[in-house]
Amino acid sequence: MVDKISSWKYTEEFAVESEVIRAARARAEELGVECITAATGAQLALLVSAMGAKAIVEVGTGTGVSGLWLLQASSQAVLATIDSDTDNQSAAKKAFSDAKIATNRTRVISGKAVDVMSNMADSAYDLVFLDADRETLEDQLREAVRLLRPHGVVAISHALWRDRVPDPAMRDEATSVHRDILRYFKVNEDFVTALLPIGDGLLLASKRV
């Protein structure tokens, strides 16, 4: 039998992070911010490149780790990233500056995710990445679906929620929310959906025409 844990570890270590991303990850550790793993970042970068994504929304700026992965995949991509923590935003701005990303390619927005998203235009974005505010995740998802263009993708990190989602005995609120979201996409014919076991689980759903 294949050692799945070893395979997962190998997958996680396969992606190579730039010095700027490693520095942003170090700042995250100092601030107590949980970042996506390198493998998750590489998958997001692949999406941006393959889709030719130009307009991206990120919920949960953190210190800029995921934003750097998203932006490095295409010189044409523009990122609107939302966070309510000013320390996180300052760290992310430094990361974007260190990476020499043009200022017109990033819009760092302060506020609560759902409030900010509700003021964004319908069907205007290629990719929406959700990585914050678990207590409002279902509301974020509703807004994300509205923001997506046809063939746009919503990506949700921590989709397996600490590996608790597959265990039916785990019924805490956060696990149940993630389980409900997975169930929603599994049966929704308006989306092409995949669940990847990288990181803490990454859900990808592409909006059909």
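As annotated in an unreviewed UniProt entry, the chain carries the name Methyltransferase and is attributed to Candidatus Rhodoluna planktonica.

Time to look at the overall build of the chain. If you tally the helices and strands in the chain, you get eight helices and seven strands. For the chain, the C-alpha radius of gyration of 16 Å lies close to 17 Å, the compact-globule estimate for 209 residues. When the backbone C-alpha atoms are referred to their principal axes, the chain occupies close to 45 × 40 × 30 Å. Distance between charge centres in the chain, computed from 24 positive and 30 negative side chains, equals 4 Å.

Looking now at the sheet that holds strand 5 (residues 148–157). Reading across from one edge, 3-2-1-4-5-7-6 is the order of the seven strands in this open sheet, with mixed pairing throughout. Two strands close off the open sheet at either side, each with one partner strand: strand 3 (106–110) and strand 6 (191–196). Taking each pair of neighbouring strands and ignoring which way they run, the sheet shows an average axis angle of 15 degrees. Set on the sheet, helix 5 (residues 86–98) makes contact with strand 2 (78–83) and strand 3; between it and strand 3 the angle comes to about 175 degrees.

A few words now on helix 4 (residues 65–72). Since one α-helical turn is 3.6 residues long, residues separated by three or four positions face the same way. Within helix 4, seven of the eight residues are buried, which leaves the element mostly enclosed by the surrounding structure. Residues of helix 4 that are buried: V65, S66, G67, L68, W69, L70 and L71.

Here the focus is unusual backbone geometry. Apart from glycine, the bulk of residues carry a negative phi angle, and the bulk of peptide bonds sit in the trans form. Phi angles above zero are rare outside glycine, and H158 is one such case at about 55 degrees. Examined against the element boundaries, H158 turns out to sit in the loop between strand 5 and helix 8 (173–187). The phi dihedral of R162 is positive, around 60 degrees, even though this residue is not glycine.

It is worth spelling out the pairing of strand 3 at this point. Moving residue by residue along a regular strand, the side chains alternate between the two faces of the sheet. Here strand 2 runs beside strand 3; their pairing, made up of five bridges, is parallel. Residue pairing for strand 3: A80 is matched across the bridge by R107.

Two measures describe an aromatic ring pair: the distance that separates the ring centres and the angle between the ring planes. Within the structure shown, the criterion is met by three aromatic pairs. Judged by centre distance (6.5 Å) and plane angle (35 degrees), the rings of Y10 and F14 are tilted. Here the residue Y10 and the residue F14 both occupy positions in helix 1 (residues 4–14), the gap between them amounting to four residues, near one helical turn. Classification of F14 as exposed rests on a relative accessible area of 63%.

Rules of the game
Residues numbered from 1 in each chain as written. Predicted model: local features only at pLDDT ≥ 70, side-chain atom pairs only at ≥ 80, totals over all residues. Heavy atoms only, no water. Helix = DSSP H or I, 4+ residues; strand = E, 2+ residues; numbered from the N terminus. Rg over C-alpha atoms; globule rule 2.2 N^0.38 Å. Lys, Arg positive; Asp, Glu negative; His and termini not counted. Charge placed at Lys NZ, Arg CZ, Asp CG, Glu CD. Pairing = 2+ DSSP bridges. Axes fitted to C-alpha atoms, helices over the stretch in contact; angles between N-to-C directions. Contact = heavy atoms within 4.5 Å. Buried < 20%, exposed > 50% of the residue type's maximum accessible area, 1.4 Å probe, protein only. Phe/Tyr/Trp six-rings, centres within 6.5 Å; stacked < 30°, edge-to-face > 60°.

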